[in-house]
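Chain by chain, the residues run as shown.
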Amino acid sequence: MAYGGRGVGRIQGYVVFVPDTAPGDRVRARLWRVKAGYAEADLVAVESPSVQRTAPPCPHFGPCGGCAWQHLDYATQAAAKENIVRESLAHLAGLHDVEVRPIIRMADPWYYRNKMEFTFHPDGTLGLHQRGAFDKIVPIETCLLQSPETNEILRIVRDWARERGLSRYDARAQTGLLRQVVVREGKRTGEIMVALITTAPEVPGTDALAARLVAAVPRITAVLHGINPGVSDGLPLARVSVVAGRPSIKEELAGFQFHIGLETFFQTNTVQAGRLVEVVEAMADLDGGEAVLDLYCGIGTFSFPLARRALRVCGVEISPRAVDAARENAALNQVANVEFVAGDVRRMLAEVVGRTGRPDLLVLDPPRSGAGSRVMRKIVDTGAPRIVYVSCNPTTLAPDLGDLVGGGYAVRAVQPLDQFPHTYHVECAVLLERAGPQPA
């Protein structure tokens, strides 16, 4: 299995990437792109199925873009992700001799997500994007990734929109009112947020919708309305208002309480996020006297747990809203030895280090695109003796690690975690220590 979700088949040594396959399958496939070193193909038929193939339990699997690996048994998924990490480090960074620890799996790989975004289609459908299509939506009646209450929420919103006769957003024509429904859940607290995203502020009947939702699902403590008039479905939103309840929900992680708003970044798998924090704490191995620099810190997911055993922690995050939330969460949890700075890591790192001094430990958790060579050079310049790099993309992690190794660091530990069952995505925490001389 390759990063991206496709199976890797070979015929006379020639590599062919085929989706919807399993290790051990013998398949018939139709080539649609042929290159010197590989080809891409569509699956025509499974001639002889692998013993690692299983029947997908979700009725929407296949067209739905939410999952790509439900046809693989969970042990095969986990082994494939562990191997993807190992191969990425070897082939993209030349790190052939690095030991990759066994992946940390989920005890129960279903109903794990604490956030889902569902999209409206002009034909009245409300669901998830069709695999590989930005303008096609698969109607979702039953999703196995988030709590079962989500299915009831979708039914209520779908019925309300139909009764009101409200237009749905057309991604091609860029017209229509109703755009998305976002459901967030505090897995530890039980609180649920439902947010209706529209292209304009005037939406008749939102109070009635909120009343129906809360009556049907009492765990809903926040019903919000977000406005996004732009072309992209991405954040930030132009405005967010409270229709009913509070502007945020509460969640607990690693012994701390967090207020999660509609636009707050938070790990989507609360159970595995707790295990990830434990891994980072173990790699940090703090004794109480260290200064810690936490880059791409978000709302303080790692900053607060590390502050329990550090002298001080400084978090850097580009989103001012996330920094505001981090400061609020610091006050909420009475954590006094942390500070948060809003700014671009690439532009501000040298300035922050100049003010706070050389860190004893540097932690970074960049976006899926990675941090990049320029940030890696600046990290090397900090002279931090230890680094913990957290990544959700092994193909961008690998070149960043290569830059750090080239700058005098050695990889000491690689720990993959399965944060996203039934997809090809894999989380990874890496410990590095300075092997060469400290920079001046």
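Residues numbered from 1 in each chain as written. Predicted model: local features only at pLDDT ≥ 70, side-chain atom pairs only at ≥ 80, totals over all residues. Heavy atoms only, no water.

A. The packing of aromatic side chains, seen in detail. A full pass over the atoms with the stated rule returns six aromatic pairs. On the numbers, 5.8 Å between centres and 75 degrees between planes, the contact of Phe17 with Tyr38 is edge-to-face. Taken as a pair, Phe17 in strand 2 (residues 14-18) and Tyr38 in strand 4 (residues 38-48) lie far apart in primary sequence, 21 residues in all. Residue classification places Phe17 among the buried residues on the basis of a relative accessible area of 19%. The interplanar angle of 75 degrees and the centroid separation of 5.7 Å between the aromatic rings of Phe304 and Phe340 together place this pair among those described as edge-to-face. Of this pair, Phe304 sits in helix 5 (residues 303-307) while Phe340 sits in strand 16 (residues 338-342), and the two are 36 residues apart along the sequence. Phe340 carries the same exposure label as Phe304, and that label is buried. Site record: aromatic cluster; members linked through ring pairs are Phe256, Phe258, Phe266, Phe304 and Phe340. Over the aromatic face of Tyr169 sits the side chain of Arg179, whose NZ or CZ is 4.2 Å from the ring centroid. (Phe/Tyr/Trp six-rings, centres within 6.5 Å; stacked < 30°, edge-to-face > 60°. Helix = DSSP H or I, 4+ residues; strand = E, 2+ residues; numbered from the N terminus. Buried < 20%, exposed > 50% of the residue type's maximum accessible area, 1.4 Å probe, protein only. Lys NZ or Arg CZ within 6 Å of the ring centre and 35° of its normal.)

B. Highlighting the pairing of strand 9 (residues 192-198). With seven of seven residues buried, strand 9 is to be regarded as a mostly interior element. Neither face of strand 9 is open: one carries Ile192, Val194, Leu196 and Thr198, the other Met193, Ala195 and Ile197, and all of them are buried. One ladder, built from seven bridges, connects strand 8 (residues 178-185) with strand 9; its direction is antiparallel. Looking at strand 9, one finds that Leu178 is bridged to Thr198. Hairpin remark: strand 8 followed by strand 9, antiparallel, with six residues in the connecting loop; positive phi at Gly190, about 85 degrees. (Pairing = 2+ DSSP bridges.)

C. Focus on the layout of surface pockets. Taken as a whole, the second largest pocket encloses approximately 530 Å³ of empty space. As for the second largest pocket, its lining consists of 19 residues, of which Gly9, Arg10, Ile11, Val18 and Val27 are closest to the centre. Within the residue set of the lining of the second largest pocket, elements represented by two or more residues are strand 1 (7-11), strand 2 and strand 3 (26-34). Element by element, the count of residues in the lining of the second largest pocket is highest for strand 1, at five residues. (1 Å grid on protein atoms, 1.4 Å probe; cavity = no way out; pocket = protein on both sides within 12 Å on 5 of 7 lines; lining within 4 Å. Points joined across faces, edges and corners; volume = space filled by probe spheres on them.)

D. Just the pattern of salt bridges, in detail. Per the stated rule, a full pass over the model turns up 25 salt bridges. With a closest N to O distance of 2.8 Å, Arg131 and Asp20 form a salt bridge. Separated by 111 residues along the polypeptide, Arg131 in the loop between strand 6 (126-129) and strand 7 (137-139) and Asp20 in the loop between strand 2 and strand 3 bring together distant segments of the chain. A relative accessible area of 29% places Asp20 in the partly exposed class. Close ionic contact of Arg212 with Glu163 constitutes a salt bridge, the shortest N to O distance being 2.8 Å. Of the two residues, Arg212 is situated in helix 3 (residues 206-216) and Glu163 in helix 2 (residues 149-164); the sequence distance between them amounts to 49 residues. For Glu163, a relative accessible area of 52% gives the class exposed. One network of salt bridges, in which partners are shared, links Glu149, Glu185, Lys187 and Arg219. (Salt bridge = Lys/Arg side-chain N within 4 Å of Asp/Glu carboxyl O.)

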